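# Summary of the model geometry
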Amino acid sequence: MNIKVKISMEGSQAFEPNKDIDSPNRNIAPISSEINENKKLVVGGCQLSELAKKYGTPLYVFDELTLRSACKTYISSLKKHYPGDSLPLYASKANSTLAICAVIASEGFGLDAVSEGELLTALKGGVKGENIVFHGNNKSQDELNFAYKNNVTIVLDNYHDIELLKNIASEKKPAKLMLRFTPGIECHTHEYIRTGHLDSKFGFDPDELKSVLLELKTYNWANLTGLHAHIGSQIFEVQPHIDLAGVMADALKLAQEIGHPIIDLNLGGGLGIKYVQEDNPPSIEKWVEVIAGAVVKACKDRNLDLPRLMCEPGRSLVANSGLTIYEIGSKKVVPGVRTYLSVNGGMSDNPRPITYQSLYSACLVDKPLNTNFEKVTIAGKHCESGDVLLKDFLLPSCESGDFLAVFGTGAYNYSMSSNYNRIPRPATIMVGKGSSELTQRRELPEDLLQLDVLPDRFIPKN
Ligand code: LLP
């Protein structure tokens, strides 16, 4: 019999039986995690060490059950707590691949994209153009052409967007638009991932809102049907979203008074997840309940009909479905200072620790219940001293060749990955019901040469 598990940190990295998996974003490991009769870690019915041997490492593993469960929770919570129409959009910057787009589309999600690459991935993954919104603070003419051609809703971020759209949209086929503004709401998250305060590169300033709404009313090529704001990412408080609903309802009233047929109110994403035991984000349902309730109240207070409610979860949809398996290699003991264990990946497949000092949880996939802990620092293999995935972390004693799983890597890992040091990107697999499927093949060193061009004059003559 396999036992359901939840990762418990509390200074140790042991597992404990899981009794209350209430929301994927509140569970460090994928919700299908189990310990099998051999005391090895299993996800999606697959023993992780077997996957590591079959596909090689580093390996991004995606649990389909966790991903679908997060999608279903957003959809059912919106239905339960919001009396009007709703459409959740997956913020695909969190992890843009064909397989993930296909899963979220099949669960009834739309999608938010920020580049032609993300748009293309979404469309090819089966998301319909009319269910996609296109963001960006510096969209190119080509990107706008592509979005417009595919009936994607374009989120106006600035006057530059308006000027470029004049070149393509017409009275015959008006551009479907949403307007993004900076709501002026502060929230507690890393400075780099805060976007709702006034000193932000995204969206129109609130002081410009009225004039841009008036200007848009004069264009027969513009069909403004929605308003958008996003306040930041990895947020645990709900008050900023309650405040946001009020600010957006004011904007909705203004836009409708000016004569825009606004039907969509898009409150962005931002719900945080549990990376380490101390993290205590609200559940998906709680978050939806709060934003839905706040929008209903804000509209009622202003005598407005309920808009279609949109939100754009990224991290809370995909982060905890994902984990990364590494193989442990070299060990270096700096006496009295630190023990370094190096793994065969690092900042190129997970740049979040070096970028945001992000914390993660991990365990040895074949010794998840061992408790003979040693304090170690898990370092990556890149030529950069800061390439550390977990600092001063308690791990059961292990040796070279052991596999390590780092949890919560489904969001902003692959999507922010690089080839620093010309290290190829890992493969990605999707697991579920005891089987595994490749969803992204491993890059090979030769792949990295594909785009290089060596001018003839550099080619050695003999
Ligand atoms: N909507 C918009 C307009 C956004 O800019 C973002 C994230 C989201 C939705 C999704 O937010 P989420 O639900 O994932 O919090 N690279 C950083 C995160 C950057 C988030 C950027 N925008 C990280 O690794 O933490």
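For clarity, every value in this text was computed on a predicted model and none was experimentally measured.

## Describing the overall build of the chain
- Assigned secondary structure in the chain consists of 11 helices and 22 strands.
- Since a compact globule built from 462 residues should have a radius of gyration of about 23 Å, the 23 Å found for the chain is in line with a globular shape.
- Judged by the C-alpha coordinates and their principal axes, the chain covers about 70 × 70 × 40 Å.
- Residues classed as buried in the chain amount to 57% of the 462 residues present.
- On the chain, roughly 19600 Å² of surface is accessible, and the fraction owed to carbon and sulfur atoms is 51%.
- Charge centroids of the chain, computed over 49 positive and 55 negative side chains, lie 3 Å from each other.

## Observations regarding the site of the ligand
- Around the ligand, a shell composed of 20 residues is seen, among which Ser233, Glu312, Arg352, Tyr356 and Tyr412 lie nearest.
- Between a nitrogen atom of the ligand and a side-chain N or O atom of Asp112, the distance comes to 3.4 Å.
- Glu312 has a polar side-chain atom sitting 2.6 Å from a nitrogen atom of the ligand.
- Here the ligand, which alone exposes 580 Å², has 92% of that area covered by the protein.
- When its residues are assigned to classes, the shell around the ligand shows six nonpolar, eight polar and six charged.
- Two domains each provide a minimum of three residues to the shell around the ligand, namely domain 1 (3-64 + 320-448) and domain 2 (135-312).

## A short note on the sheet that holds strand 8 (residues 110-113)
- Pairing within the closed barrel is parallel, and its eight strands lie in the order 7-8-9-10-11-12-13-14. Direction aside, neighbouring strands of the sheet carry axes that sit 30° apart on average.
- Sheet topology places strand 13 (residues 264-266) next to strand 14 (residues 308-311); three bridges connect them, and they run parallel. Within strand 14, the position partnered with Asp264 by the bridge is Arg308.
- Running over the sheet, helix 8 (residues 239-258) touches strand 12 (222-228) and strand 13 and is turned about 160° from strand 12.

## Structural notes on the packing of helix 2 (residues 64-81) against helix 9 (residues 284-301)
- In contact at an axis separation of 9 Å, helix 2 and helix 9 are set at 35° when each is read in the N-to-C sense. The element helix 2 and its partner helix 9 pack so that their crossing is right-handed. Within the contact between the two elements, helix 2 uses Ala70, Thr73, Tyr74, Ser77, Leu78, Lys80 and His81 and helix 9 uses Ile284, Glu285, Trp287, Val288, Glu289 and Ala292.

## Brief notes about the side chain of Asp161
- Following the sequence through the fold, Asp161 ends up in helix 6 (residues 159-166).
- Accessibility expressed as a relative area gives 0% for Asp161, which makes it buried.
- Residues within four places of Asp161 in sequence aside, it is in contact with Gly136, Lys139, Leu144, Val155 and Leu156.

Definitions and limits used
- Residues numbered from 1 in each chain as written.
- Predicted model: local features only at pLDDT ≥ 70, side-chain atom pairs only at ≥ 80, totals over all residues.
- Heavy atoms only, no water.
- Helix = DSSP H or I, 4+ residues; strand = E, 2+ residues; numbered from the N terminus.
- Rg over C-alpha atoms; globule rule 2.2 N^0.38 Å.
- Buried < 20%, exposed > 50% of the residue type's maximum accessible area, 1.4 Å probe, protein only.
- Areas by Shrake-Rupley, 256 points an atom, 1.4 Å probe, with all protein chains shown as cover.
- Lys, Arg positive; Asp, Glu negative; His and termini not counted.
- Charge placed at Lys NZ, Arg CZ, Asp CG, Glu CD.
- Near = heavy atom within 4 Å.
- Polar contact = N/O pair within 3.5 Å; in protein donor to acceptor, adjacent residues only side chain to side chain.
- Nonpolar A, V, L, I, M, F, W, Y, C, P; charged D, E, K, R; others polar.
- Domains from an automatic or database assignment.
- Pairing = 2+ DSSP bridges.
- Axes fitted to C-alpha atoms, helices over the stretch in contact; angles between N-to-C directions.
- Contact = heavy atoms within 4.5 Å.
- Left-handed = near helix turned anticlockwise from the far one by under 90°.

Keep in mind that these numbers describe shape and distance, not what the molecule does.
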